[in-house]
Structure formats: structure tokens, C-alpha cells
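Here's the letter readout for the chains.
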Amino acid sequence: MSDKQKKKLTALQQEYQSFAKAREPGRPVTKNILRAFIVGGVICIVAQGISDFFLWNFDFTEKTVGNPTAAVMILISVILTSVGIYDHIAQWAGAGTAVPVTGFANSIASAAIEHRSEGLVLGVGGNMFKLAGSVIVFGVFAAFVVALIKTILAMLEGS
Amino acid sequence: MLHGHQTWLFNNQPTIVATAVVGGPFEALGPLADDFDLLHGDLWLEQDSFEKAQKKLLEDACAKAIQKGGLQKQDVQFFLAGDLLNQIISSSFAARTLATPFLGLYGACSSSMESLSLAALIVNSRAANYVLCGTVSHNGAVEKQFRYPTEYGSQKPPTAQWTVTAAGVALLAAEGEGPKVTSATIGKIVDMGITDPYNMGGAMAPAAVDTITAHFRDLDIDPREYDLIVTGDLGRVGYEIAADLFKKHNLDIPAEIFKDCGMMIYGPDQQAEVLSGGSGCGCSAAVTYGHLLNRMKKGELRKILVVATGALLSPLSYQQKESIPCIAHAVSIESSQ
């Protein structure tokens, strides 16, 4: 908790919070990091296998094989989400399943499933990007800023 | 009647003549499965949304309680209910089916004892002969309302709790066979400034302790008069904190008579899913009206105090960084034998 928030608490509240904190189990950080490392790595190995499969069997190059590989990973994630397995893996794996593209696909698919009962347009359409929306907004904005810096640097070099 | 600051004594002995408890598939795997009147194998209850499933749970429990009480639904004079969805739709929609005069309540997970204490007050004052009261929660519907989509893969911390899929309903009568509701202590809001919605137990424990302390102060009795003092849904984390708070405040409650419904409803093999314990307003209602009253009927318990705890936050309020105001209501139930 930030200092600013803590100042607003009364002495009694502060006393209770440290009293309660001593009795609450914290997040098992080391265990979570290890699990995330293992599961994240396994997902990458699977994706590497799919990528190699496309490279050997079809007419792809190192550059073009990325798109079909991501598409297959997204498909796997969406299938696991819709049969109700992905969230159980995620509780165990944490960031390991959240960081790869599978986590992004899960956030969209789960929101779409969740709001299906409110109809296709207002339900699925309106809520699909409820969680992924902020990733897209800040992702696009960050890309814009980086591209702007790159363009300015290129112009300075050229002049 | 009013005794001390915030406690009602029910001298006319409102009687719980019938109760009904309906649960979902995950509750069917728990240690209290035998205490449910009806268990659904399908989380959707053959409905096309979780919200409708939650309404169905409450409707089923109401119908069962009325049937067990040997009444028709027109014999019930008032229906008091609450749930956790926006605008308490499940309660209102179930009341539409019942077509009984209805008072909707919201006290988050404390609604179970809020409704029971008010129902007892109505019956005790002879304002009605039969009052039905109950609460419901559904894992899918409530998680959707308060947290992330059910299938979203987020890692919950060990302090998080699992919303119980269950409805518990009690039928109170002015006369009849069954356990008596003898007193109720209405709690006040306690806010210790906790803002983490994944730590409800830690937020609610001081409210439970406040109400229990008030109960014994108002009635001037010893905690050992009760065979069991049970909190609604503090979970393991909140339970430990509450037990230590009692010690700190010199209220001597032996560990063997202090329990928590959220820790009773699921077994050790369900631990990985439920984390700190069960929660939701179906939790305390289902455990009390099912398991605890059954034990009372068997003569294992004579007098119990049920303290339902509620966290009065909304998804909006915690996003705006508001702290979580909490409340607890205590109701004492005594065996008639």
C-alpha cells in the first residue's frame, strides 16, 4: 500500500491491518515464479514445435511462419478456455499462462463466453474486449510513441 | 424485545418449522452433501444463464420449504430474501413466482441472518403467522458480478474465497414444532480500511468480532452457554484473525465451539479450488439451515449462535479504491427439546 493511502487510515485501522497482515498467508512468490517459468517455457516449446512443423511441411520462411503458429496457439487456448480447463491451468501456472499469446486469447474468449447470455451484439460484441481492451489501447499507444521516436531519430540522422 | 444496545429478545419464540437447502455440483462433493434437500448435478440447472440458475436455486428451496412445512404458498404471509446480484434480481424474481408479499434485502453475505432476524421479529410481534426467509448465491453468477469472467485464467491469492452455489430457506411460524429463534444482534458497519477484494476474510473478521462482543455484552451471558458459535464466511484467513482478536479483546471463546461455515462446506480435497474457504450468502444459509439444524434435531447441539458476515463493497467501489465496509448479524437458535 502506498504511503499516501496509509496516511488516510486511522491509528486503529493501521493497527488492525498490521495485526491482520501477520496472520494472512502471502502469495507464494518463489513457487509462483518457478511454475510460471516452467509452464511459460512449455508453451514456448509447443509453439516452437508447431513452428518447425509448418517450416518443414509447408512453404513458409522464418519470417512468415510466425502468423500461422500464433493462430494455432490461439486456437488451442480458446478450445481449452471453452471446455473449462484453461482457468484451472492458470491458477497453477499464474504468469506462465497469462504472458504468452494464449493468455490474451483466453481473456477475450472467456469474456465472450461470459456475456453470451446478454446477446450477440451487446453481450459478446460489447464485452469481448473488456479485459483485453486496455492491453490493446496501451499497446497501440506505446507502439505509436516508439514509432514516433524512431521516425524523429531517422529524420535527424538523414539531415 | 430490545435488550441492551442492539439486541432483540424474542419472547414469543418464533419457530423454524421447516427449512430447505439446495446446492450445486461442487457442493455435492463436499462433506455436508447429505444435509442438502436437493443437489443439482448441472451448474446451469438446465437454464440458459447463471443468473437464471441462481433464481431457480432459490425457487426450488422456497417450494421445498413450503412443502416440508405442510403449507401452500398462499399460506405464507411474507417473504424476505436477498442475494448478491445487482438489484437483488434472483430474490425479486423468485418472489414473483411465489406471489407472496415480499421484502428484498441486501446485506451481502450477512443477508441470511439479516432476513432470519427480521422474519423472527415479524413473527414475534404477531405481525404474521408464517414468514419465509432465505438467501441464495451461485458461483458463476456472483463471480461474474464481482470478479473476472468464470473461465478467465487469473491466479487467485491464498486469501481468496470460493462463492458457494446454494440456496437456504427457512419457514418461520408463530407456533409449531422445531428450533426456536431466541435472540438477534444487529451489527454495525466496521471498516478497517482494507481495500483488497481478494481478502474478504481479513476485512470481515473485525465486524464479526464486534457483533459477537456486542451480543454477549447486551445479553450479559457467557460464550459457553452456546454449543456452537459459527461465523458465516470468514474462511481460514478471517477465522484465524477473528480467533486472535477474541484473545486480544479478552473474550474467552473456546476454539472447539467456534467454527466457520465457509470452512465446513468443502472438504480437504477441494482445497486447491476454494483456497481460504467458501463465501456467498448461500454459504451461511445452507450450512445453518441444513447441517446445523440437522445436528440440532439429532440432539448434538442445543443452542447455537450464527453470525453471518457481509462485505458491503461493489465492483465499482473497489475500482475507485474505496475500502470495504463490513457487517455481521448474529442470531441465536435453540432446540425446543
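An unreviewed UniProt entry lists chain B under the name Stage V sporulation protein AD, with Sporotomaculum syntrophicum as the source organism.

If you look chain A up in an unreviewed UniProt entry, it shows as SpoVA protein from Sporotomaculum syntrophicum.

### Considering the overall build of chain A
For chain A, the count of helices and strands is 9 helices and 0 strands. Reading chain A from its N end, one meets helices and strands in the order α-α-α-α-α-α-α-α-α. Oriented by its inertia axes, the alpha-carbon framework of chain A measures out at about 70 × 55 × 40 Å. The buried share of chain A, taken over its 159 residues, is 30%. Sequence-distant contacts in chain A: of pairs separated by 6 or more residues, those separated by 24 or more amount to 47%.

### Remarks on the environment of Ser115 of chain B
All names here are of chain B. The residue Ser115 is located in helix α4 (residues 111-124) in this model. Ser115 gets classed as buried once you look at its relative accessible area, which sits at 0%. Along the sequence, Ser115 and Gly290 sit 175 residues apart, while their C-alpha atoms lie 16 Å from each other. Once you skip the residues sitting within four places of it in the chain, Ser115 turns out to touch Leu80, Leu105, Cys133, Gly134 and Thr135. Reaching out from Ser115, the side chain makes a polar contact with the backbone oxygen of Ser112 at a distance of 2.9 Å.

### Thoughts on the pattern of salt bridges
Enumeration over the complete set of coordinates arrives at 19 salt bridges over all chains. A salt bridge links Asp244 of chain B to Arg23 of chain A; the shortest N-O distance between them is 2.5 Å. Separated into two different chains, Asp244 of chain B in helix α7 (residues 235-248) and Arg23 of chain A in the loop between α2 (11-21) and α3 (29-57) make up a pair that spans both. A salt bridge links Asp222 of chain B to Arg224 of chain B, with the shortest nitrogen-to-oxygen separation between them at 3.8 Å. You can call Asp222 of chain B partly exposed: its relative accessible area is 38%.

### Things to note about unusual backbone geometry
Residue and element names in this part refer to chain B. For Glu46, which is not glycine, the phi torsion reads 60 degrees and is therefore positive. Tracing the backbone shows Glu46 in the loop between β4 (38-39) and α2 (50-68). The exposure class assigned to Glu46 is exposed, which follows from its relative accessible area of 75%.

### Some thoughts on helix α8 (residues 120-127) of chain A
All names here are of chain A. By the burial criterion, the buried members of α8 are Gly123, Val124 and Asn127. The buried residues of α8 occupy one face: seen down the axis, they fall within an arc of 105 degrees. Those residues of α8 that are exposed and aimed more than 90 degrees away from the buried face are Val121, Leu122 and Gly126. Where α8 is buried, its residues touch α7 (101-114).

### Things to note about the domain arrangement of chain B
All names here are of chain B. Per the domain assignment, the segments of chain B are domain 1 (2-173) and domain 2 (180-334). With centres defined by C-alpha atoms, the gap from domain 1 to domain 2 works out at 17 Å. Each side of the interface is counted separately: domain 1 has 59 residues, and domain 2 has 63 residues. Contact with domain 2 buries area across many residues of domain 1, yet Gln6, Met113 and Gln161 alone supply 15% of it, more than any other trio.

### Digging into empty space enclosed by the protein
Think of a ball as big as a water molecule: rolled over the atoms, this probe shows where empty space is left. Residues and elements named next belong to chain B. With the rule as written, the count across this model stands at 1 cavity of 30 Å³ or more. Here the largest cavity defines a volume of roughly 150 Å³. The wall of the largest cavity is formed by 14 residues, among which Leu84, Cys109, Arg147, Met200 and Ser279 lie closest to the centre. Contributing elements (two or more residues each) for the lining of the largest cavity: α5 (139-146) and α6 (200-219). Taken together, the residues of the lining of the largest cavity sort by class into 9 nonpolar, 3 polar and 2 charged.

Calculation criteria
Each chain carries its own residue numbering, running from 1 in the written order of its sequence. Chains carry letters from A onward and ligands carry numbers from 1 onward, assigned in written order. Local features are withheld for residues below a pLDDT of 70 in this predicted model, meaning they are given only at 70 or higher, and side-chain atom pairs are given and counted only at 80 or more; totals for whole chains, interfaces and linings count all residues. Remark: hydrogens and water are excluded; side-chain values derive from all non-hydrogen atoms of the structure. Only DSSP runs of H or I covering at least 4 residues are called helices, and only runs of E covering at least 2 are called strands; the numbering of each starts at the N terminus. Type-normalised accessible area, obtained with a 1.4 Å probe on protein chains alone, sets the label of each residue: buried when under 20%, exposed when over 50%, and partly exposed for intermediate values. A contact between two residues is defined here by any heavy atoms of the two lying within 4.5 Å. Counting of polar contacts relies on pairs of N or O atoms within 3.5 Å, with two restrictions inside protein: one atom must be capable of donating a hydrogen and the other of accepting it, and residues adjacent in sequence are counted only when both atoms are side-chain atoms. The working definition used for a salt bridge is a side-chain nitrogen of Lys or Arg within 4 Å of a carboxyl oxygen of Asp or Glu. Picture the helix axis, draw a direction to every C-beta atom, and the arc is the one those directions span. Each domain's limits were defined by an automated method or a database of domain assignments. As a working definition, buried area equals the accessible area (1.4 Å probe) given up by two parts on being put together, with both sides summed. Of the grid points, spaced at 1 Å and generated over the protein atoms alone, those admitting a 1.4 Å probe that cannot get out make up cavities, while open sets with protein on both sides within 12 Å along at least five of seven lines make up pockets; any residue with an atom within 4 Å of a point is treated as lining. Grid points are joined across faces, edges and corners, and a volume is the space filled by probe spheres set on the points. Each residue is assigned to one class: nonpolar for Ala, Val, Leu, Ile, Met, Phe, Trp, Tyr, Cys and Pro, charged for Asp, Glu, Lys and Arg, and polar for all the others, Gly among them.

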